[in-house]
Amino acid sequence: MSKKRGKRVGILTSGGDAPGMNAAVRAVFRRVKDLDPHNEVVLFKEGLNGLAGRLEVNYLGNIEREAIRGIIHKGGTFIGTGRIPELKPAPPGCEDVALWERKRKEITDVAVVNLRQLGLDSVVVVGGDGSFNGMSHIIAAYEERYGEPLGLVGLPGTIDNDIWGTEDTIGFDTALNNSVAALRNLRDTIESHRRCAILELMGNSSGWIALAAGIAGGATTIMIPERPESYDLQLVLARVRAAVRLAYRSIIIVMAEGVKKASGRPRVAEELRALIEGDPEIIDALGRPLETRINIIGYIARGGSPSARDNLIASQLGCAAADLALSDVAHAPMMVGTQGASVVLVPMREVIARSPRLVEASSPLWATAESLLVSADQSF
Ligand code: F6P
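Treat the numbers as computed from the prediction; the structure is a model and nothing was measured.

**Examining the site of the ligand**
Then, number 1: Every residue close to the ligand is listed here: Arg83, Thr158, Ile159, Asp160, Met202, Gly203, Asn204, Glu257, Tyr299 and Arg302.
Then, number 2: Gly203 places a main-chain nitrogen or oxygen 3.0 Å from an oxygen atom of the ligand.
Then, number 3: The separation between an oxygen atom of the ligand and a polar side-chain atom of Glu257 is 2.5 Å.
Then, number 4: Taken together, the residues of the shell around the ligand sort by class into 3 nonpolar, 3 polar and 4 charged.

Structure follows, in structure tokens:
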């Protein structure tokens, strides 16, 4: 008698790795098998590069429990990740659009054939809006070529917390905790010398990590790409002067990496340092220049063991993604996200169109920051 086969679900992690991705993969696997042990799970290695690469070296077929044992506590993604910029339409200013489009088609064709060869019923992708975009493009090409639907479910996995349609992304909480830990370490040394520090944090075009870490870590001021007044250097200097007047021994300016692009000044931190160190008012108050150090946390905030919260969100969303991936109802590509304590389904088309989710002027977190940061005219 031939062995009964259930449904076959493929999983990949894509884009920047994020702590909690392992818990998400584990949850999808366990739920898929829990619902019917005849169901099968296939893992793609190296993200979209694996899906669109040489299949024989890039996938783990019909995995068993042992394949994902002991991964929940680890940072990064144990199956690897990657980006394929050419899966997007040619960017403005591209020198050879025809070549770009040819490459895009070649990559898409390989991915589509690989998916067909594996006989998948659905694919779950853990990543950001760029990965959702790339996967949606591949799935649309698959359906056009074979005239059959192929399910696609997205799980928001990025430290940036900038995906529209979900309040949480897998990885943000860990990166936030790592950033606050770095800020606390920095404070010890800055305070000892009575210095100033500019701490650059990741976040791509959004300021969520900087904003949340700056508030939770008690920064003097925060610069984020969404709020031009936050990176007006004269306004920042005025806050630093106020902190000097208030006799702070440590002055910490948290800056999101996206400020460099938003302000059009790739060396904005260096410019700010020169302004602070050369400011006559501060020199007069201290009797010396305020030494200013620049620190970039970079990838250190992205690595490390996932926080309990990230693993919890990843586990909840992973189960919901498995349910959707196995549902009999044919559906358009969807993302599984959070709204308050609830798990919600959001059409991926909408997520892609409205991402990145940025910090709006009306954001309650921004209002909190404005009340708590050192103001230029601090009256108490
Ligand atoms: O999207 C996550 C992120 O860590 C961003 O904060 C950062 O801008 C980017 O990825 C860095 O990407 P890469 O790993 O390709 O250098």
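**Notes on the packing of aromatic side chains**
Then, number 1: Within the structure shown, the criterion is met by 1 aromatic pair.
Then, number 2: Positioned above the aromatic ring of Trp208, the side-chain terminus of Arg357 is 4.4 Å from the ring centre.

**Remarks on the side chain of Asn114**
Then, number 1: Take Asn114: it is sitting in helix H4 (residues 97-118).
Then, number 2: Residue Asn114 is classed as buried on the basis of its relative accessible area of 5%.
Then, number 3: Discounting chain neighbours no more than four positions away, the residues touching Asn114 are Gly50, Leu51, Ala52, Gly53 and Leu55.

**Looking at the domain arrangement of the protein**
Then, number 1: What the domain assignment lists for the protein is domain 1 (8-170 + 306-340) and domain 2 (174-301 + 361-372).
Then, number 2: When each unit is reduced to the centre of its C-alpha atoms, the spacing between domain 1 and domain 2 is 36 Å.
Then, number 3: Opposite the 8 residues of domain 1 that make contact, domain 2 presents 9 residues.
Then, number 4: For the pair domain 1 and domain 2, the two sides together bury roughly 660 Å², of which 55% comes from carbon and sulfur.
Then, number 5: Looking only at domain 1, the three residues that lose the most surface to domain 2 are Ile159, Asp160 and Asp162, adding up to 63% of its buried area.
Then, number 6: The tally of links between domain 1 and domain 2 comes to 0 salt bridges.
Then, number 7: Taken together, the connections running from domain 1 to domain 2 amount to 2 residue pairs in polar contact (both at pLDDT 80 or more).
Then, number 8: Here the side of domain 1 that touches domain 2 is built from residues that sort into 3 nonpolar, 2 polar and 3 charged.

**Regarding the pattern of salt bridges**
Then, number 1: With the rule as written, the count across this model stands at 21 salt bridges.
Then, number 2: A salt bridge links Arg31 to Asp323; its shortest N-O distance comes to 2.8 Å. With Arg31 in helix H1 (residues 21-35) and Asp323 in helix H12 (residues 308-326), this residue pair connects regions lying 292 residues apart in the sequence.
Then, number 3: Relative accessible area serves as the criterion here: at 29%, Arg31 is assigned to the partly exposed category.
Then, number 4: Glu148 serves as the salt-bridge partner of Arg116, at 3.1 Å between the closest nitrogen and oxygen. Residue Arg116 is found in helix H4, and its partner Glu148 is found in the loop between helix H5 (129-146) and strand E5 (151-156); the two are separated by 32 residues along the sequence.
Then, number 5: Residue Arg116 is classed as partly exposed on the basis of its relative accessible area of 31%.
Then, number 6: Exposure remark for Glu148: the relative accessible area of 38% places this residue in the partly exposed category.
Then, number 7: Among the charged side chains, a network of salt bridges with common partners joins Arg241, Arg245, Asp279 and Glu281.

Basis of the calculations
Residues numbered from 1 in each chain as written. Predicted model: local features only at pLDDT ≥ 70, side-chain atom pairs only at ≥ 80, totals over all residues. Heavy atoms only, no water. Near = heavy atom within 4 Å. Polar contact = N/O pair within 3.5 Å; in protein donor to acceptor, adjacent residues only side chain to side chain. Nonpolar A, V, L, I, M, F, W, Y, C, P; charged D, E, K, R; others polar. Phe/Tyr/Trp six-rings, centres within 6.5 Å; stacked < 30°, edge-to-face > 60°. Lys NZ or Arg CZ within 6 Å of the ring centre and 35° of its normal. Helix = DSSP H or I, 4+ residues; strand = E, 2+ residues; numbered from the N terminus. Buried < 20%, exposed > 50% of the residue type's maximum accessible area, 1.4 Å probe, protein only. Contact = heavy atoms within 4.5 Å. Domains from an automatic or database assignment. Buried area = accessible area lost by both parts, 1.4 Å probe. Salt bridge = Lys/Arg side-chain N within 4 Å of Asp/Glu carboxyl O.

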